Amino acid sequence: MLARVRTHIMLREAYAKLAQHHNQLQIIEQHRDTLVHMLVHDMRMPMQVVLGNLELIADSKDCELKPDDLDCLHTAIHFTRLLGRMASAVVDVSRMETGGIPLHLAPVSVSELFSKSQAQSISPLNVGRITEHIDSSCPNILCDANVSIRVLANLLDNAVKYSPEDSKIGIGAEPNPGGVRIWVHSFGITIPLLYRKTIFEKFGVASLPVGERPHSTGLGLAFCKMAVEAQGGMIGVESEAKKGNTFWFTLPSAV
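> Can you walk me through the overall build of the protein chain in this structure?
Counting its secondary structure elements, the protein chain contains five helices and seven strands. The helix and strand sequence of the protein chain, counted from the amino end, reads α-α-β-α-β-β-α-β-β-α-β-β. In the protein chain, which comprises 255 residues, the share counted as buried stands at 36%. Sequence-distant contacts in the protein chain: of pairs separated by 6 or more residues, those separated by 24 or more amount to 71%. Accessible surface for the protein chain amounts to roughly 15500 Å². Of this, 60% is attributable to carbon and sulfur atoms.

Given below as structure tokens:
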């Protein structure tokens, strides 16, 4: 009986230490999130200024650039926009976890969603790689247009980043029970079954061979999952060797 009492006392002390360590980790995580949000907030304004000036140069009729220089300018614009979306994802993931992002649901056509997401995510150098497949019977979607455009833009960004430069990227939509299924298909590294759920978690990334790991914050797909589910949809990925990767998500119809 004394041995059992000692065991229970030791277990209670161990649980108390674990609880204390857990509280300390929570405090550290809160401090980290606060610091990250402060840095991201301070970064956004300089990035907007840089992007605005780059776009003014690109749109200026008085500035004649050589084709190679113009390509460099468009590449700079594209990656500055990408930085902006990455910064927004850091803030928005945290806000979505606490229900802090209000959604403005309204009917949106699939073609509008596709065109605006490509304008945000696809540089002029990659436009020729994109092929669209929109089923003519697709209804309008009931969603927050800005949030949904960012979801699709993130998936397109990943398709470009993780696929060979000379490969095609397909985007499509077809009717789905109660709504529309939207997908992005690309050829790249097969995603192991073990990581097909992990990659949608906060800071979750798939384990890839050294040299095949493009930089990732681990927040882009987490944002996509939260944004889609907040609008009543689902998200997932299908991956098979030699057949490529298909990221998909569903949204309810406006009918």
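That covers the picture; the talk isn't over yet.
> Help me out: how do you make sense of the pairing of strand β4 (residues 169-176) in this one?
Sheet faces and side chains relate simply in a regular strand, where the side chains alternate between the two faces. Across five bridges, strand β2 (residues 130-134) lies against β4 in parallel orientation. Of the residues in β4, the one forming a bridge with Ile130 is Ile169. Two elements, β4 and strand β5 (residues 179-186), share seven bridges in a ladder whose sense is antiparallel. By the bridge assignment for β5, Gly172 is matched with Trp183. In sequence, β4 turns back onto β5 through a hairpin of two residues, with Gly178 there showing a positive phi of about 85°.

> Teacher, can you tell me more about helix α4 (residues 145-162) here?
The α-helix advances 3.6 residues per turn, and as a result positions three or four apart in sequence lie on the same side. The end-to-end C-alpha separation of α4 is 26 Å, in line with the 26 Å expected for 18 residues at 1.5 Å each. Most of α4 is tucked away, with 14 of its 18 residues classed as buried. In this structure Asp144 caps α4, since a side-chain oxygen of it lies 3.2 Å from the backbone nitrogen of Asn146.

> Explain the pattern of salt bridges to me, please; I cannot follow it from the model alone.
Should the charged atoms of two oppositely charged side chains come close, the side chains can pair. All chains considered together, the criterion is met by six salt bridges. Between Arg181 and Glu238 there is a salt bridge, with the nearest N and O atoms lying 3.2 Å from each other. Residue Arg181 is located in strand β5, and its partner Glu238 is located in strand β6 (residues 235-240); the two are separated by 57 residues in the primary sequence. Between Glu240 and Lys243 there is a salt bridge; the shortest N-O distance is 3.8 Å. Given the relative accessible area of 44%, Glu240 is considered partly exposed. For Lys243, a relative accessible area of 54% gives the class exposed.

Definitions and cut-offs
Residues numbered from 1 in each chain as written. Predicted model: local features only at pLDDT ≥ 70, side-chain atom pairs only at ≥ 80, totals over all residues. Heavy atoms only, no water. Helix = DSSP H or I, 4+ residues; strand = E, 2+ residues; numbered from the N terminus. Buried < 20%, exposed > 50% of the residue type's maximum accessible area, 1.4 Å probe, protein only. Contact = heavy atoms within 4.5 Å. Areas by Shrake-Rupley, 256 points an atom, 1.4 Å probe, with all protein chains shown as cover. Pairing = 2+ DSSP bridges. Expected span 1.5 Å × (residues − 1). Polar contact = N/O pair within 3.5 Å; in protein donor to acceptor, adjacent residues only side chain to side chain. Salt bridge = Lys/Arg side-chain N within 4 Å of Asp/Glu carboxyl O.

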